[in-house]
Amino acid sequence: MAERTISLKVARYRPEHRPDQYFDEFDIPYREDMVILDALNHIKDELDGSLSYRWSCRMGVCGSCGMMVNYKPRLTCSTFLREFYPKPIVVEPLENFPVVRDLVVDMTSFMQKLQSVKPWIIRHVDPPMEAGEYLQTPAEVEQYKGFSMCINCMLCYAACPVVGRDPDFLGPAVIALAHRYNMDSRDQGEAERQRAIAVDWGIWDCTFIGECSVVCPKDVDPAAAIQREKVAKTTNTMLSMLLPFGGHE
Amino acid sequence: MKEDGGPRYPVLVRTPSRTWWLRAGPYRRFAAREITSMFAALFSALLIAFLFALSLGPHAYGRFLSFLGSTGMLAASSLILAAVLYHMATWFRLTTHIVVIRLGGRTVPRNAILAALVVAWLAVSAAVAYFLIWF
Amino acid sequence: MDEQSESPVLGEVLDWSEGGQVASRARRAPVRGRQSRAEALAWALFSAGGFVSAVLLPINVAVIGVAFAAGWLPDRALAYSRVLHLARNPIVKLYLLVVIALPLYHWAHRFRFAIHHQFGIHAKRLAAAACYGTALAGTGLAVWAVLRI
């Protein structure tokens, strides 16, 4: 019986050989249970060992394997070949990021943006150790739990045209993370984080296109987080303008 | 590593296309949604003209009404109506993503919020129609 | 490895320090307090305009625009004396201002970002001034019209 195959067109960028991006085509033996990552591993093991790409857990929790699959940002470990078979599949590095090599993108800007919103519990007053652990009701956890599911896969950045237009834009994942901590009942740092995100390259640059939430593999809904931060900031501003002691900025 | 922590290796920077909003379904729908705001602004301009015509007396007002009643304006108004209805649909849907209402320890589902918005819209529209036409 | 002078890519390494730019932005002294207030106000107007456009505009367009031109309204509905009488009521005047002005700010906010994000024109301050300026002008005209009646 002839083996079924599927064709992968993979973007290559190897500046030591060529200054531009080009495509290599590979024929992969096809099985129903294969994902794109399996195909890439097959290429690296059997066909072209020079192919470079990121992956780790192969089960959709580490966020390493984000790439453009047929022009949509996907996790390659969670995208099955059978979704496209028998048509050819185009695999490219994640959009809106500079390419370091082949399918590997430079994440430096993302890492720095993450730090800029202080993604940790900020306390102005620490309770004494004798008071014991912080207690949270299930309702309090529900307020931020969804936004804590982010695996930093950056698919949302690839999907967001504003990131493409404004590379300084903090972006969906970063603002969602700030919102996660603002919504945590243990946190007291909302004012500091608002200073970091209520800026031109933060929440105000977002126009609620909503594609970030559509492509998120963990249903974090970063779009909702950003709009809620806009509401929070606007409410604070209106209150502080109307009431002498109201709100905080 | 440079002082600012930037890369010391060559990178390929790809600039996105200027017509990104034409390239895929979701982006085209976004662009359509944004354009509806232009039609709303046009209607505001129309209402301003209406009020000025009213303030200039019955003759000017009569001329404006003939203009407003013309076939061309019927077509334009229909376009504006379609645009404004599309805005309404998208605006309500987007609002359900933002609004969080907790009742009895549970979060109100998005469909319920959408239904409430539609009911409110129907009630307001009925009231406005009454005042515009029959009051 | 390509020669430094020939490879276009190495030049882009120097451009790609916006990670550093982000970090230095965070360290800059906050003039942002004032900026953010204006943005919050703009977004509040945009939001209010969006709700008015969604909830109030459809019926107004349907009645004044479509139904009238299609001949579905009773004759006295838009008669001069009736409309004049209604428009002299202060509550009606307020209603008219809301229905006319708020959608203008909604458009202004969306168009200002469209100029930058969709048309690719990077004159941010000019775009904002032009858009909100137009909305303000429209509001002024509306106020003037409403006061003349």
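This is a predicted model, so every value here is computed, not measured.

What counts and how
- Residues numbered from 1 in each chain as written.
- Chains lettered and ligands numbered in written order.
- Predicted model: local features only at pLDDT ≥ 70, side-chain atom pairs only at ≥ 80, totals over all residues.
- Heavy atoms only, no water.
- Helix = DSSP H or I, 4+ residues; strand = E, 2+ residues; numbered from the N terminus.
- Buried < 20%, exposed > 50% of the residue type's maximum accessible area, 1.4 Å probe, protein only.
- Contact = heavy atoms within 4.5 Å.
- 1 Å grid on protein atoms, 1.4 Å probe; cavity = no way out; pocket = protein on both sides within 12 Å on 5 of 7 lines; lining within 4 Å.
- Points joined across faces, edges and corners; volume = space filled by probe spheres on them.
- Domains from an automatic or database assignment.
- Core = buried A, V, L, I, M, F, W, Y, C linked by side-chain atoms within 4.5 Å.
- Pairing = 2+ DSSP bridges.
- Axes fitted to C-alpha atoms, helices over the stretch in contact; angles between N-to-C directions.

Caption draft 1: Quick look at the environment of B:Trp20. Examined against the element boundaries, B:Trp20 turns out to sit in the segment before α1 (25-55). On the basis of relative accessible area, B:Trp20 is assigned to the buried category, the value being 8%. Setting aside residues up to four positions removed in sequence, B:Trp20 forms contacts with A:Pro161, A:Arg165, A:Ile209, B:Tyr27, B:Phe30, C:His117 and C:Gln118.

Caption draft 2: Here's a closer look at the layout of surface pockets. Put simply, the second largest pocket is a space of about 780 Å³. Lining the second largest pocket we find 26 residues, and of these A:Met68, A:Tyr71, A:Glu95, B:Arg23 and B:Tyr27 sit closest to its centre. Of all the elements in the fold, those that place two or more residues in the lining of the second largest pocket are β4 (72-75), α4 (155-159), α5 (161-165) and α8 (211-215) of chain A together with α1 of chain B. Structurally, the lining of the second largest pocket is a two-domain feature, drawing no fewer than three residues from each of domain 1 (5-105) and domain 2 (108-242) of chain A.

Caption draft 3: The arrangement of the nonpolar core in detail. Counting 80 residues, the largest nonpolar core has A:Leu8, A:Leu40, A:Leu81 and A:Ile89 as the members making the most contacts within it. Shared between two domains, this core holds at least three residues of each, these being domain 1 (5-105) and domain 2 (108-242) of chain A. Residues in contact with A:Leu81, not counting those within four places in the same chain, are A:Ile6, A:Leu8, A:Tyr30, A:Met34, A:Val35, A:Ile36, A:Ala39 and A:Ile89. Of all hydrophobic cores here, the second largest spans 45 residues; its members include B:Leu47, B:Tyr61, C:Val52 and C:Val63.

Caption draft 4: Spotlight on the sheet that holds strand β5 (residues 89-92) of chain A. Residue and element names in this part refer to chain A. Reading across from one edge, β2-β1-β5-β3-β4 is the order of the five strands in this open sheet, with mixed pairing throughout. Taken across any chain shown, the strands that pair with only one partner, and hence form the sheet edges, are β2 (22-29) and β4. Across the sheet, the mean angle from the axis of one strand to that of its neighbour is 35°, orientation sign disregarded. The pairing of strand β3 (residues 66-69) with β5 spans two bridges and is classified as antiparallel. Bridge pairing in β5 links Val-69 to Val-91. Each of β1 (5-12), β2, β3 and β5 touches helix α1 (residues 36-47); the most contacted strand, β2, lies at about 95° to it.

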